[in-house]
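# A closer look at the structure
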Amino acid sequence: MDDELSATKTENSGDEFLKEALVILMQDAVQKGTDRSHKVCEWMEPEQLHEILNLKLQRHGESQQALLGYCRDIVRFSVKTGHPRFFNQLFSGLDRHALTGRILSETLNTSQYTYEVAPVFVLMEEEVLRTLRHYVGWTAGDGIFCPGGSISNMYAINVARFQRFPHAKEKGLSSLPRMTIFTTQESHYSVRKGAAFMGIGTDNIIIVQTNDRGKMLPEDLENQIQKSRSEGSVPFLVSATCGTTVLGAFDPLAEIADVCEQHGLWLHVDAAFGGSALLSNKHRHLLNGIERANSVTWNPHKMLGVGLQCSAFLLPDTTGLLQRCHAAYATYLFQTDKFYDLQYDTGDKSIQCGRRVDCLKLWLMWKALGSEGLEKRVDKALEQTRYLMEEMTKREGFCLIMEPEFVNLCFWYVPPSLRHQQNSPDYWERLGKVAPVIKERMMKKGSMMVGYQPHGNRVNFFRQVVVNPAVTKRDLDFFLDEIELLAEDL
């Protein structure tokens with residue numbers, strides 16, 4: 001009885017804590033975290049933050065008030081990625097319906113591998129995957145949600161290798177010839193990581209040339225495949241990109257598909273970022289030819305604002321390739337004498353055992369907005385990018401790298417002291433130091449966040465990404481004003 005009273009007391013205490021913590025979540029994280037009158041980030045040096053947060057774990061538990069204080073501090077000192085002036089990553093925004101789905105899935109704590117454990121979510125995942133495949137242009141196929149786009153791209157490498165050499169699953173790398181992957185320098189680094197992780201080797205990634213906008217050149221792909229074969233290698237996969245990380249480039253898929261079909265290579269399309277343009281009648285032409293791919297990565301957690309993480313790996317295959325490639329047939333989980341249809345036990349398609357429910361947040365948001373609402377979200381993002389570009393051309397000091405194809409707006413800001421100094425021998429060296437200084441100032445001020453990077457022979461420049469549906473033209477005007485303000489003495 002004492003144990004029962006103690007357990008009841010603990011549960012009641014936990015319920016009270018949860019109620020108050022949810023109030024903090026709503027007030028501090030959701031409302032203040034998306035309020036323009038509050039900071040995007042409250043910058044602290046690591047040493048200061050260590051002292052404030054008291055991260056050390058102790059033998060004895062702490063009071064409810066102390067825990068709630070930690071919750072407030074965690075929110076206060078975290079970057080508010082849902083803030084309308086957070087332009088730093090390829091994801092941004094806070095969709096309340098998707099957030100509700102995330103809270104539900106965390107509360108239910110379901111592992112998405114068998115129908116007996118996750119009946120609702122097994123059916124839901126298949127419906128969401130079917131809908132995503134429809135927008136790719138496939139009437140049938142397969143797929144699975146993965147823990148991020150990098151893992152989805154690695155799935156493509158593994159499945160493509162299995163399709164070419166099924167015996168590799170049992171015999172291992174020693175049974176295989178030297179295999180080569182073809183991609184561009186603009187592709188996501190997960191292609192290199194995948195080649196290393198799966199024993200193919202980064203030296204066996206062949207870099208295909210791009211044009212001045214960062215798009216793969218199909219004629220060079222053809223040449224590189226022939227050269228690889230002449231050297232005794234076995235080309236097996238081309239990884240094209242729709243929405244490159246920096247420039248936002250879309251590879252010419254139809255022409256690349258022609259080359260892949262001619263040579264019998266697996267075509268994977270990393271549309272982690274750009275895939276959501278498929279929802280827009282106005283912009284889906286950017287991905288013309290994607291229906292000819294053998295696999296596709298699509299991350300709704302980026303442009304659609306679903307929330308991390310939500311990454312789909314999609315295939316038109318109907319032969320069970322994904323299952324055959326990854327299945328280990330664990331009899332304690334995937335028994336063959338269950339009382340229901342075993343096709344609903346989808347967990348053996350995955351390289352994981354425990355797997356988060358990543359479909360619910362997207363499903364609930366889609367139910368709330370409909371395909372029309374999601375299309376408007378995509379169209380608005382591109383319209384806002386166009387507006388920002390046009391406003392930049394009206395102001396001195398903003399120098400576009402190129403006209404954007406998507407929502408990646410890349411530019412230098414030339415402060416007053418460097419204007420009309422292009423002939424100076426140290427001009428580019430000095431310009432390359434401008435973006436890091438402006439970035440430091442904005443983060444310490446907390447006014448906004450935007451990313452910068454060098455790229456090829458270009459010195460540091462800003463990459464502004466508009467994907468948050470809450471962003472207004474006033475936010476974009478503020479962005480330009482703030483850049484000028486932060487750099488007025490440079």
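Residues numbered from 1 in each chain as written. Predicted model: local features only at pLDDT ≥ 70, side-chain atom pairs only at ≥ 80, totals over all residues. Heavy atoms only, no water.

## Details of the overall build of the chain
Of the regular secondary structure elements, the chain holds 15 helices and 12 strands. Relative to the 2.2 N^0.38 estimate, which gives 23 Å for 490 residues, the radius of gyration of the chain is 25 Å and therefore close to what a compact globule would have. For the chain, the spread of C-alpha atoms along the principal axes amounts to about 80 × 70 × 45 Å. Out of the 490 residues in the chain, the part that is buried amounts to 51%. Within the chain, residue pairs in contact and separated by at least 24 positions form 71% of the contacts whose partners lie at least 6 positions apart. By element, 52% of the accessible surface of the chain is carried by carbon and sulfur atoms, the whole surface being about 23200 Å². (Helix = DSSP H or I, 4+ residues; strand = E, 2+ residues; numbered from the N terminus. Rg over C-alpha atoms; globule rule 2.2 N^0.38 Å. Buried < 20%, exposed > 50% of the residue type's maximum accessible area, 1.4 Å probe, protein only. Contact = heavy atoms within 4.5 Å. Areas by Shrake-Rupley, 256 points an atom, 1.4 Å probe, with all protein chains shown as cover.)

## Structural notes on the environment of glycine 214
Along the chain, glycine 214 turns up in the loop between strand E4 (205-208) and helix H9 (218-230). Between the alpha carbons of glycine 214 and threonine 244 there is a distance of 8.1 Å; along the sequence they are 30 residues apart. The contacts of glycine 214, once residues within four sequence positions are left out, are Glu186, Leu247, Ala249 and Asp251.

## Considerations on a nonpolar patch on the surface
Nonpolar side chains collect at one region of the surface, where Leu18, Leu22, Leu25, Met26 and Ile103 lie side by side and expose about 390 Å² of accessible area between them. With four residues, helix H1 (residues 2-31) is the single largest residue contributor to the nonpolar patch. (Patch = residues over 30% accessible without salt bridge, like charges linked within 9 Å, V, L, I, M, F, W, Y side chains within 5 Å. Salt bridge = Lys/Arg side-chain N within 4 Å of Asp/Glu carboxyl O.)

## Some words on helix H6 (residues 149-164)
Taking 1.5 Å as the rise per residue, H6 with 16 residues should run 22 Å; its terminal C-alpha atoms sit 23 Å apart, in good agreement. Across the 16 residues of H6, 12 count as buried, placing the element largely inside the fold. Where H6 is concerned, the buried positions are Gly149, Ser152, Asn153, Met154, Tyr155, Ala156, Ile157, Asn158, Val159, Ala160, Arg161 and Phe162. (Expected span 1.5 Å × (residues − 1).)

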